[in-house]
Amino acid sequence: MTSEVINTSELHKMDPVFGQLSFDNHEQIVFCNDKDTGLKAIIGIHNTVLGPALGGTRMWNYASEWEALNDVLRLSRGMTYKSAITGLNLGGGKAVLIGDAKTQKTPELMLKFGEFVHSLGGKYITAEDVGMATADMDLVRTVTPYVTGISESKGGKGNPSPITAYGVFMGMKAAAKYSFGSDVLEGKVIYVQGIGNVGEGLVENLTNEGATVYISDINRERLEEVRDKYSVKIYEGDNIYAEKMDIYAPCALGATLNDTTINQLQTKIIAGAANNQLADEKKHGQMLRDKGIVWAPDFLINAGGIINVYAELENYDRKEIIRKTENIYNTTLEILKKADAEHITSYTAAYNIAQARIDARKSEK
Ligand code: NAD
């Protein structure tokens, strides 16, 4: 994923932190720098009312520090609402490391990052995100207990991506039930954009159910690998948004739902794993509603991963992970019905429930 940035040329005209486009009353933003290892990281803690701020670490070759800051602000805020809507006692946080994960990620850099995480005393708990692997979290675990997503051999619950994919599949089925009257995806034409860790898991679930799946990715090798493994079709066109389909599953970039794409969309449902799919949540949520396109809120249906890592903190087992993840189906259906009944967008319906939970906890304190 590239950073989920709207317009960096506008950003530097604003106040550097509290006046940022994406600043939304974040509690704390920590800038971490280490000359020896080349570490440049930002940890964003959005809200800790429900619990410690848990969210993954993304390593990305950002075009500018502004992009990185904007990304961590948006992503950490998203985590607050993801945990709140999922019923977890966690706040929202996220970290970004500036650099190329393929060439600049070293054990020394990861250990130094772990030390910074540790210095926050548990207010922020990390996990893997784009550019990170379970092995990186295992390394961070050697310098701090405030890390999840560690391998099963080290007492963790392993890579969260397959569970994320399963949750997205559940959310997609609920959206199908709502739109088509049946949650059976057999024969439905589904485009999966981005076939990385989560996208591939989703393709597996979809092909098992007999859906007609098209895949798209910027990585040709990966496309061929996934095509051969699941007998799906590679999308060879150059504008996925304009294709006629039943379901569009964004599993790569954020902000793919924007002024340009929504006008072209011919899909009936959008349900995918990517974080922050709506470039502008209110505006683009409304545009989708006006077009009659059902959007399954990203922060709700991609919560399988956080359910999986939360199990490491709360010590629940695989059965409970699956139960909680399958519940994404019920919550999605409930939210889509609520949006309809209240004539609001599915984003607002989900956001309101999450915010109400945070407000209620705050008033108890
Ligand atoms: P990943 O890095 O494994 O895969 C992303 C894939 O998208 C890669 O194959 C990449 O080549 C492809 N891609 C990048 N730009 C693209 C473009 N313009 N068009 C098409 N493909 C493109 O990441 P992932 O772990 O599979 O995560 C996918 C998305 O889901 C991310 O937005 C991530 O934040 C979100 N998410 C992941 C998890 C998880 O458990 N991994 C949990 C919640 C949300």
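Residues numbered from 1 in each chain as written. Predicted model: local features only at pLDDT ≥ 70, side-chain atom pairs only at ≥ 80, totals over all residues. Heavy atoms only, no water.

## So, the overall build of the chain
Let me state the cut-off plainly: Per the convention used, a helix needs a DSSP run of H or I reaching at least four residues, while a strand needs a run of E reaching at least two, with both numbered from the N terminus. With C-alpha atoms as the basis for the radius of gyration, the globule rule is written as 2.2 Å multiplied by the number of residues raised to the power 0.38. Per-residue accessibility, obtained with a 1.4 Å probe over protein chains only, is compared with the maximum for each type, and a residue is labelled buried under 20%, exposed over 50%, and partly exposed between these values. Note on contacts: a residue pair is in contact if any heavy atoms of the two residues lie within 4.5 Å. Each accessible area is a Shrake-Rupley estimate made with a 1.4 Å probe; only the visible protein chains count as cover when residues are assessed.
Within the chain, the regular secondary structure consists of 14 helices and twelve strands. Taking 21 Å as the expected radius of gyration for a compact globule of 365 residues, we find that the chain reaches 19 Å, a close match to that expectation. Taken along the three principal axes of its C-alpha coordinates, the chain extends 55 × 50 × 45 Å. Counting only residues that meet the buried cut, the chain has 56% of its 365 residues in that class. Long-range contacts, defined as pairs at least 24 residues apart, comprise 67% of the intrachain contacts of the chain with a sequence gap of at least 6. Carbon and sulfur atoms make up 47% of the accessible area of the chain, which totals about 15300 Å².

## Re the site of the ligand
Our working rule: For this description, a residue counts as near a given molecule or strand if any of its non-hydrogen atoms is within 4 Å of it. Pairing of N or O atoms within 3.5 Å defines a polar contact, subject to two protein rules: one partner must be a possible hydrogen donor and the other a possible acceptor, and residues neighboring in sequence count only if both atoms are side-chain atoms.
Taken together, 23 residues lie around the ligand, and T164, N197, V198, D217 and N275 are the ones closest in. A distance of 3.0 Å is found between an oxygen atom of the ligand and a side-chain nitrogen or oxygen belonging to R58. Measuring from an oxygen atom of the ligand, one finds a backbone N or O atom of V198 at 2.8 Å. In isolation the ligand exposes 840 Å². Once the protein is present, 85% of that is buried.

## Some thoughts on helix α10 (residues 281-290)
Operational definition: As used here, the arc is the angular range of directions from the helix axis to the C-beta atoms.
Inspection of α10 places H284, G285, M287 and L288 among the buried residues, and these make up the whole buried set. Down the axis of α10, the sector holding all buried residues measures 160°, keeping them to one side. Of the exposed residues in α10, the ones pointing more than 90 degrees away from its buried face are K282 and D290. Against the buried residues of α10 lie α9 (259-264), β11 (269-270) and β12 (294-295). G292, located one to two residues past α10, shows a positive phi value of around 75°.

## Examining the pattern of salt bridges
For clarity, the threshold we go by: Any carboxyl oxygen of Asp or Glu within 4 Å of a side-chain nitrogen of Lys or Arg constitutes a salt bridge here.
Under the defined criterion, the tally for this structure stands at 20 salt bridges. A salt bridge links D136 to K105, with the shortest nitrogen-to-oxygen separation between them at 2.7 Å. Linking D136 in helix α5 (residues 134-140) with K105 in the loop between α3 (101-104) and α4 (107-119), this pair joins segments that are 31 residues apart in sequence. Accessibility expressed as a relative area gives 10% for D136, which makes it buried. Note that D246 is salt-bridged to K268, the shortest N-O span being 2.9 Å. Separated by 22 residues along the polypeptide, D246 in the loop between β9 (233-234) and β10 (247-250) and K268 in the loop between α9 and β11 bring together distant segments of the chain. Overall, the relative accessible area of 41% leaves K268 in the partly exposed class.

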